[in-house]
Amino acid sequence: MSLVLKSGFTFDYDNLYGEGKVTDADLAFYADDLKKAHEAMKVMREKGFIRAHLSKDGEPEKVLFSQTPYIADGHINSPASIARLKELGKHAQENTDVVISLGIGGSFLGNKVLFDVHCGELWNSLSNEQRENYPRIYFSGNNIDPRRTGDIINHLKDVAQIKKKNGAGPLRIMLLVISKSGGTLDTMSNFMGMYDAFMKADNVEVEVVAVTDPNEEKPTLLKKLAIDKGWKQFAVPDGVGGRFTVFTEVGLTLAACIGFDIESFLAGARGMDQACQNDDLWQNPAMLNAVLKFAASEKHGRDIEVMMPYGDYLKSVSEWYIQLLAESLGKQFNKEGKEVCYGRTPVVAVGTTDMHAQTQQHQEGKLNKVVQFIRIDKWADDLVIPNAFPEVKKLADIAGVTMGEALEVARQSNADALASNKRYSAVFGLPELTPYHLGELLYLLAMSIAYEGELADVDAFDQPGVEAYKRIMGPKLQALKG
Ligand code: PA5
């Protein structure tokens, strides 16, 4: 059983729905709630309103992520903002050797997805021509790790010295610092360390691009600095929580700096948003995915979701999804203030790697998981496994098929084995790994989470739980200084 979109994107739910899995009776049980959730999504699209959602300061706050795929005047993404992003991309091509993207959580995870999918592991080893003069990319600020920060600083200082010796001009570094609040410890400590080190370094030119809350009346620390120092500024827009910002200037500034096709990415998200407006459950990927996962959890105890894309460069999709699911739905209280301690638990996995690590547990451990596969139907530049050792029968047997085909056989075999032992799974199928289909996938996941928030009656758009440790950490840091 499959929901197939015109684009070729598929959602296969054979191993999640039917006898012994989520049943029609389960769906009938949630029919009214589902109707209400679907209506709530309409209201969210039209008015940016989600019932009972409040900001961190307890004020009513809009929810606008569903507007991001639509490029229009007055929208978060407008023709002017897209043109400005393209200018940034051109500027990076012409004037920048290295971009360091600094951010954490929602200000990092989506950017890493775009980088991994578009650039792959070896981007920084490619020549300028191979990168079409787009800069080399590093990520920082996603931890407070002295070793890694020091490694990046020292490495780039060495590169600057090599350039000097070769008479090749200064190393031009762009610090792309992304923080909605503008003061996050992890991001800002790395930013300050790098800014200080590179400003003092020999043969290095530093440019800063600040992506932060654009509010001018109550400017963030980062915004104040950007104004004082004349840095370029982009926006983490109001009404889009960090984990939904990959479709805003948070993700799109990085996208511009690597030559990722922003318009196609947003078009994919738009196509998915349109599919998700369908009133028919069986034609609405987000509504269907959400209710099947919700019912699997509530009615069958399958409250762990293992996000398992097949392909190395998709692992960061799984890491991005972890934040989306955990931060959106892990909530102590429902919208009426009743304690519910809701939340399915997300787990990162990647195929085939984790078939040699986690699969034993998925196959025989507790009956509490849904394994969500991601499949790429056609890999660009697929490789045929050559018959390198014809004399070795076992190796000759695996020769002649492509690696993409072998990868899919491995995935199917895993799904079949799980199904044969009462284990639930589902598949998102992307015809190819393009910006369009990636846009579809990420948007579908975001919209599914919004549906599930309504089904579970929790606010999917706040994150009060992350304030608890911050309240403890602030005074502890001050005490350390004292
Ligand atoms: O989803 C969220 O809101 C968080 O993960 C934030 O993105 C993260 O804490 C970083 O915050 P900021 O962008 O304010 O530095």
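As shown above, the structure is provided for reference.
Small disclaimer: the values here were computed from a predicted structure and weren't measured.

### Regarding the site of the ligand
And then number 1: By nearness alone, 13 residues border the ligand, and Ser179, Ser181, Thr184, Gln323 and Glu327 come closest of all.
And then number 2: A distance of 2.7 Å separates an oxygen atom of the ligand from a polar side-chain atom of Ser181.
And then number 3: Considering the ligand on its own, with 380 Å² of exposed area, one finds that the protein chains cover 83% of that surface.
And then number 4: Class assignment of the residues belonging to the shell around the ligand gives a composition of one nonpolar, nine polar and three charged.
And then number 5: When we break the shell around the ligand down by domain, the ones giving at least three residues each are domain 1 (2-50 + 265-466) and domain 2 (77-236).

### Topic: the nonpolar core
And then number 1: Formed by 104 residues in total, the largest nonpolar core has its most connected members in Phe65 and Met447.
And then number 2: Among the elements that take part in this core, helix H15 (residues 435-456) stands out by supplying 13 residues, more than any other.
And then number 3: Three or more residues apiece are contributed to this core by two domains, here domain 1 (2-50 + 265-466) and domain 2 (77-236).
And then number 4: Ignoring any residue separated from it by four or fewer positions in sequence, one finds Met447 in contact with Met41, Met44, Arg45, Phe65, Ser66, Asp273, Cys276 and Ala286.
And then number 5: By size, the runner-up hydrophobic cluster in this structure holds 24 residues, among which are Ile153, Ala201, Val208 and Ala226.

### Side note on the layout of surface pockets
And then number 1: Within this model, the second largest pocket holds a volume of roughly 860 Å³.
And then number 2: Lining the second largest pocket are 28 residues, with Tyr313, Trp379, Ala380, Asp381 and Leu433 sitting closest to its centre.
And then number 3: When residues of the lining of the second largest pocket are assigned to domains, at least three fall in each of domain 1 (2-50 + 265-466) and domain 2 (77-236).

### Quick word on the pairing of strand S5 (residues 171-178)
And then number 1: Among the eight residues that make up S5, seven are buried, leaving the element largely enclosed by the rest of the structure.
And then number 2: Where strand S3 (residues 98-102) meets S5, five bridges bridge the pair, whose relative direction is parallel. Bridging from a neighbouring strand, Ser101 pairs with Leu176 of S5.
And then number 3: Bridge count between S5 and strand S6 (residues 204-212): eight bridges; the pairing is parallel. Directly across from Arg172, in S6, lies its bridge partner Glu205.
And then number 4: Crossover S5 to S6 through helix H6 (residues 185-200) is right-handed.

### Considering the pattern of salt bridges
And then number 1: By the definition in use, this model includes 26 salt bridges.
And then number 2: The partner of Asp238 in a salt bridge is Lys180, with the nearest N and O atoms 4.0 Å apart. Taken together, the residues Asp238 in the loop between strand S7 (232-235) and helix H8 (249-258) and Lys180 in the loop between S5 and H6 connect sequence positions 58 residues apart.
And then number 3: Overall, Asp238 belongs to the partly exposed group, its relative accessible area being 49%.
And then number 4: Where Lys200 meets Asp196, a salt bridge forms, and the shortest distance between an N and an O atom there is 3.0 Å. Taken together, the positions of Lys200 and Asp196, both in helix H6 and four residues apart, correspond to about one turn of that helix.
And then number 5: Since its relative accessible area comes to 64%, Lys200 is described here as exposed.
And then number 6: The class for Asp196 is partly exposed, based on a relative accessible area of 39%.
And then number 7: In this structure, a network of salt bridges that share partners links the residues Lys293, Glu305, Arg344 and Glu452.

### Re the packing of aromatic side chains
And then number 1: Evaluation of the coordinates by the stated rule reveals 22 aromatic pairs.
And then number 2: Ring geometry for Phe108 and Phe139: centres 5.6 Å apart, planes at 75°, overall edge-to-face. Here Phe108, found in the loop between S3 and helix H4 (109-119), pairs with Phe139, found in strand S4 (residues 136-140); they are 31 residues apart in sequence, far enough to count as distant.
And then number 3: Residue Phe139 is classed as buried on the basis of its relative accessible area of 6%.
And then number 4: With centroids separated by 5.9 Å and ring planes inclined at 65°, the aromatic side chains of Phe247 and Tyr443 adopt a geometry described as edge-to-face. Remark: Tyr443 occurs in helix H15 and Phe247 occurs in the loop between S7 and H8; sequence separation between them is 196 residues. For the pair shown, Phe247 and Tyr443 are each scored as buried.
And then number 5: Members of the aromatic cluster, connected to one another through ring pairs, are Phe65, Phe244, Phe247, Phe260, Phe265, Tyr443 and Phe461.
And then number 6: Lying across the ring of Phe29, Lys299 places its NZ or CZ 3.3 Å from the centre.

Scoring rules and cut-offs
Residues numbered from 1 in each chain as written. Predicted model: local features only at pLDDT ≥ 70, side-chain atom pairs only at ≥ 80, totals over all residues. Heavy atoms only, no water. Near = heavy atom within 4 Å. Polar contact = N/O pair within 3.5 Å; in protein donor to acceptor, adjacent residues only side chain to side chain. Areas by Shrake-Rupley, 256 points an atom, 1.4 Å probe, with all protein chains shown as cover. Nonpolar A, V, L, I, M, F, W, Y, C, P; charged D, E, K, R; others polar. Domains from an automatic or database assignment. Core = buried A, V, L, I, M, F, W, Y, C linked by side-chain atoms within 4.5 Å. Buried < 20%, exposed > 50% of the residue type's maximum accessible area, 1.4 Å probe, protein only. Helix = DSSP H or I, 4+ residues; strand = E, 2+ residues; numbered from the N terminus. Contact = heavy atoms within 4.5 Å. 1 Å grid on protein atoms, 1.4 Å probe; cavity = no way out; pocket = protein on both sides within 12 Å on 5 of 7 lines; lining within 4 Å. Points joined across faces, edges and corners; volume = space filled by probe spheres on them. Pairing = 2+ DSSP bridges. Right-handed = clockwise from strand over helix to strand, strands pointing away. Salt bridge = Lys/Arg side-chain N within 4 Å of Asp/Glu carboxyl O. Phe/Tyr/Trp six-rings, centres within 6.5 Å; stacked < 30°, edge-to-face > 60°. Lys NZ or Arg CZ within 6 Å of the ring centre and 35° of its normal.

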